[in-house]
Each structure stands twice: as structure tokens, then as C-alpha cells.
Amino acid sequence: FGVKPDRIEVIPNGVHIPRTPVLTPLSEDLVALARHDVNKNLPALLRGVAQLQLQCPQWRGVLRIVGRSGRQTGLLQRLHRQLPRPEQVELIDGLPKDQLVACLRSSLALLSASTEEGFDYPVLEAKAEGIPTLISAIPVHREFHADSSLFFPVDDDGTALAGHLIDLRRDQTLWKDLSQRGLALARSLSLERQVEAIRAQIRTLALLR
């Protein structure tokens, strides 16, 4: 609307760390939290899993995509059926909070393939639990997660994502490094910091009046 960028103050979302973070991977499972909407780019995840199944047949995990049906549900169901081993992907409409947290904490990694996001809160929530994240190379992901996530292209044919998953599965040092870097980011983006940043803006506005 013609406002100069230097007049806009962006305050990142904060996150609470309510539990002891996960210290080692508990399974080879994967999780994605996303509605079946176009911007969530879930077909990219299925392409990645297809490549993972072909390149790493010893992978015995399950990708759980948790989110409501939407415009891409039909496409996702077709791609699901075409996978080399369809039983390794579950489309779940929703889970109670406790089950969702348990699913996240027991997973090898959280995946996010979005083509666009305002912030993508599930990525930060995963980091607060100590879970590594593999995410698409979109601006908001690059801005906040450049040093604490693995990235793959939005138009990935599955090769890049599968390669990262194979590396993460084999390399405990990589898993722990991503876990620790992600946790450090989550700690730096605390709810207390968010609240204080909002209060500072309110104080500034009050002074301007």
C-alpha cells in the first residue's frame, strides 16, 4: 500500500518449550502438519517419499500427513495409491493434542513443502521439541531457519528431499546437530521475547501520540 519497508516492524511469533526436548531419534517415521491446500505443496512430499522408497528400500518408517481435506485431496489420494509402498503413508484428518505431540516427538523429522507461508508455526514447534526439520526453500523459511533446517526446492522431483532423508537416517551427528540448532532457535524466539517486542511497539506508539 505504498508504505516504505523501513516503516514496517516485523515481530516474529514466539514459542513455548514445555517439555524436555527429544535427544535421539525414536523411529524412522516422518510427520507433516498441513491441510490439503495448494500452497502446502503436499504432492512434493509424496514425490520425496516415492524416491526414498526406491533409493532406500530398507526404510521402514511411515509418513503421517496430519491435516484436513481440501482442494488437493483427490490428487493426494491418487499419488498415494501410486507409491511403491502406499502403506508407508497415512493421511490423517486430525489428532487430539496429546496424540499429535506424541506423533511429532516420535518422528525422525518434520517435513514442510509449502510454496508460501506467513510464518509456518509447526516448523518452530518441532524445533521446540528437538525434532529436525526438512523444509522448502521459500523466503520465510530461509529468513528464520537458514542455519537450523535442511532445504529442498519447491519444485523438487523428490530427489533432493529423499537425499536429505537418507542422510538424516544414516547420520546420527547430522540429526543431533539439526536438533540442537533448531532448539537454540526456538529458545531465542520465546513467547516472552514476542510479548516484550509487542509492548515496546505499543510504548513507541503511545509516545508518538
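A. Spotlight on the overall build of the chain. Tallying secondary structure elements over the chain gives eight helices and six strands in all. Ordered by position from the N terminus, the helices and strands of the chain form the series β-α-β-α-β-α-β-α-β-α-β-α-α-α. Against the globule reference of 17 Å for 209 residues, the chain gives a C-alpha radius of gyration of 18 Å, in line with a compact fold. Taken along its principal axes, the extent of the C-alpha atoms in the chain is 65 × 40 × 30 Å. Scored against the burial criterion, the 209 residues of the chain give a buried share of 44%.

B. The state of the cysteines, seen in detail. Enumeration according to the criterion identifies zero disulfides in this entry. Between Cys56, a free cysteine, and Cys103, which holds the nearest cysteine sulfur, the sulfur-to-sulfur gap is 20 Å.

C. Local environment of the packing of helix H4 (residues 121-128) against helix H7 (residues 172-188). Two elements in contact, H4 and H7, have axes separated by 7 Å at closest approach and are oriented at 110 degrees. As summarised for this structure, H4 and H7 are arranged roughly perpendicular, according to the angle between their axes. As for the relative orientation of H4 and H7, their crossing is left-handed in sense. Taken together, the residues of H7 that come into contact with H4 (itself represented by Leu124, Lys127 and Ala128) are Gly182, Leu183, Leu185 and Ala186. Along the lines of polarity and charge, the residues of the contact of H4 with H7 split into five nonpolar, one polar and one charged.

D. View of the pairing of strand S5 (residues 133-136). The pairing of strand S4 (residues 109-112) with S5 spans three bridges and is classified as parallel. Residue Leu111 lies in a different strand from S5, and its bridge partner there is Leu134. Regarding the hand of the β-α-β motif, the stretch spanning S4, H4 and S5 is right-handed. Relative to strand S6 (residues 150-152), S5 runs parallel, the two being bridged by three bridges.

E. Layout of the packing of aromatic side chains. Scanning the model with the defined rule gives two aromatic pairs in all. Relative to Phe144, the ring of Phe119 has its centre 5.2 Å away and its plane inclined at 70 degrees; by these criteria the two rings are edge-to-face. Residue Phe119 is found in the loop between S4 and H4, and its partner Phe144 is found in helix H5 (residues 139-145); the two are separated by 25 residues along the sequence. In this arrangement the basic side chain of Arg142 is found over the ring face of Phe151, its NZ or CZ atom lying 4.1 Å from the centre.

F. Looking closely at the sheet that holds strand S1 (residues 30-33). What the six strands build is an open sheet, ordered S3-S2-S1-S4-S5-S6; its pairing is parallel. Only two strands of the sheet have a single partner each, and these edge strands are strand S3 (89-92) and S6. Going across the sheet, the axis of each strand differs from the next one's by a mean of 20 degrees, ignoring polarity. Of the pairings in the sheet, the one linking strand S2 (residues 63-66) to S3 comprises four bridges and is parallel in character. Each bridged residue has a counterpart across the sheet, and for Arg64 the counterpart in S3 is Glu90. The strands that helix H1 (residues 42-55) touches are S1, S2, S3, S4 and S6; relative to S2, the one it contacts most, it runs at about 170 degrees.

G. Up close: the pairing of S1. Bridge analysis of S1 against S2 gives four bridges, and the strand direction is parallel. Counterpart to Val31 in the pairing with S2 is Arg64.

H. Local environment of a nonpolar patch on the surface. Among the surface-exposed residues, Phe1, Val3, Ile8 and Val10 lie close enough to one another that they form a single nonpolar patch of about 540 Å² accessible area. Positionally, Phe1 belongs in the segment before S1.

I. Geometry of helix H2 (residues 73-82). Every buried residue of H2 is listed here: Thr73, Leu76 and His80. Along the axis of H2, the buried positions cluster into a sector of 60 degrees, meaning they face one direction only. Exposed residues pointing more than 90 degrees away from the buried face of H2 are listed as Arg81 and Gln82. Contacts from the buried residues of H2 go to H1 and S3.

Rules used in this analysis
- Residues numbered from 1 in each chain as written.
- Predicted model: local features only at pLDDT ≥ 70, side-chain atom pairs only at ≥ 80, totals over all residues.
- Heavy atoms only, no water.
- Helix = DSSP H or I, 4+ residues; strand = E, 2+ residues; numbered from the N terminus.
- Rg over C-alpha atoms; globule rule 2.2 N^0.38 Å.
- Buried < 20%, exposed > 50% of the residue type's maximum accessible area, 1.4 Å probe, protein only.
- Disulfide = S-S within 2.5 Å.
- Axes fitted to C-alpha atoms, helices over the stretch in contact; angles between N-to-C directions.
- Parallel < 35°, antiparallel > 145°, perpendicular 65-115°, else oblique.
- Left-handed = near helix turned anticlockwise from the far one by under 90°.
- Contact = heavy atoms within 4.5 Å.
- Nonpolar A, V, L, I, M, F, W, Y, C, P; charged D, E, K, R; others polar.
- Pairing = 2+ DSSP bridges.
- Right-handed = clockwise from strand over helix to strand, strands pointing away.
- Phe/Tyr/Trp six-rings, centres within 6.5 Å; stacked < 30°, edge-to-face > 60°.
- Lys NZ or Arg CZ within 6 Å of the ring centre and 35° of its normal.
- Patch = residues over 30% accessible without salt bridge, like charges linked within 9 Å, V, L, I, M, F, W, Y side chains within 5 Å.
- Areas by Shrake-Rupley, 256 points an atom, 1.4 Å probe, with all protein chains shown as cover.
- Salt bridge = Lys/Arg side-chain N within 4 Å of Asp/Glu carboxyl O.
- Arc of directions from axis to C-beta.

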